[in-house]
Amino acid sequence: MPGGKETVQSGVDLNHPDRTLPPADAYALWAQTYDRGPNPLLALEEREMPPLLPNLQGAFVLDVACGTGRWLNLLLARGARQGIGFDLSLEMLGQARRKRALQNGIVRADCTAIPIAAGIADLAVCSFAASYVADLRLLGSELSRVLRKGGRVILSDLHPAGLEKGWRRTFRHGAEVVEISNFRLSLDHLCNTFREHGLKLERLISPCFGEAERPIFRSCGKEHLFEQSRSEPAIFIGSFRLGSTDLPGNR
């Protein structure tokens, strides 16, 4: 999203931020406003991901690197029988625990060392977190370990096309624009790595900002940024599957 300090609450930036922080420090600052601030990337993801979700009735779900637990909350509301969210940020988990449905389902853990038994999860959602993992083999291995045969991973992140144009992952903290340090994702590398661990790509979408996100930009006085960025893929969402058995509700 072009424009120096002209970010919306969360987005990307072509120019230099005021400072760059590792994820743990960045999310400690962002946690209190993460759920409240206008965020076009999350709005786009929340618009595009639900059609990729399987039937969740009776499913055991994981929200991997769950942050404030927004996806775990939604998955439970859509009929999952049980869910657990994992994250390393105590501050983000603190916000997650404020959600009534999540109070007993939040655990502090690394997404490359998930503390549950093998082969028991029906679905794992990993939202905007893969680009913080230095070695995707560890993430792919752990996701394939915890899924049962036929289980799915739905994974989203900032699209590499934006990174190639110099977009930076940023958010506002007071008067500052803070960049979150991350690793440059290659979709080919991600898909090949997951395939090596038995996770086959079923579907990949690369949505752009649409009219549904325009009001978010407009409310922040940044509608020109919407016009500049709407022709480029903003995020990607991939659906991966382990084995060949459907989720309980799809049998």
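Placed above this text is the structure.
The notes below deal with the structure included here. (Residues numbered from 1 in each chain as written. Predicted model: local features only at pLDDT ≥ 70, side-chain atom pairs only at ≥ 80, totals over all residues. Heavy atoms only, no water.)

1. A look at the pattern of salt bridges
Any two side chains of opposite charge can pair if their charged atoms end up close together.
Here is step 1 of the chain: The final tally for this structure, using the stated rule, is 18 salt bridges.
Here is step 2 of the chain: In this structure, aspartate 122 engages arginine 148 in a salt bridge whose closest nitrogen and oxygen atoms are separated by 2.5 Å. Placement of aspartate 122 in strand β6 (residues 121-127) and of arginine 148 in strand β7 (residues 147-158) is noted, with a sequence separation of 26 residues between them.
Here is step 3 of the chain: Of the residues examined, arginine 148 reaches a relative accessible area of 13% and is grouped as buried.
Here is step 4 of the chain: In this structure, arginine 137 engages aspartate 135 in a salt bridge whose closest nitrogen and oxygen atoms are separated by 3.0 Å.
Here is step 5 of the chain: Among the ionic contacts, a cluster of salt bridges with common partners joins Glu211, Arg214, Arg218, Glu223, Glu227 and Arg230. (Salt bridge = Lys/Arg side-chain N within 4 Å of Asp/Glu carboxyl O. Helix = DSSP H or I, 4+ residues; strand = E, 2+ residues; numbered from the N terminus. Buried < 20%, exposed > 50% of the residue type's maximum accessible area, 1.4 Å probe, protein only.)

2. Regarding the environment of glutamine 95
Here is step 1 of the chain: Examined against the element boundaries, glutamine 95 turns out to sit in helix α4 (residues 90-96).
Here is step 2 of the chain: Glutamine 95 sits 26 residues away from glycine 69 along the chain, and the two C-alpha atoms are 8.1 Å apart.
Here is step 3 of the chain: Setting aside its immediate chain neighbours within four residues, glutamine 95 contacts Ala31, Gln32 and Thr68. (Contact = heavy atoms within 4.5 Å.)

3. Comments concerning the sheet that holds strand β5 (residues 106-108)
Here is step 1 of the chain: Pairing in this open sheet of 7 strands is mixed, and the strands run β5-β4-β3-β6-β7-β11-β10 from one edge to the other. On the outer flanks of this sheet lie β5 and β10 (199-205), each paired with one strand and no other. Strand after strand, the sheet turns through a mean of 20° between neighbouring axes, direction not considered.
Here is step 2 of the chain: In this fold helix α2 (residues 40-48) packs onto β6, β7, β10 and β11 (235-242), with an angle of close to 40° to the strand it touches most, β11.
Here is step 3 of the chain: Docked against the sheet, helix α7 (residues 187-196) engages β7, β10 and β11, running at close to 15° with respect to β11. (Pairing = 2+ DSSP bridges. Axes fitted to C-alpha atoms, helices over the stretch in contact; angles between N-to-C directions.)

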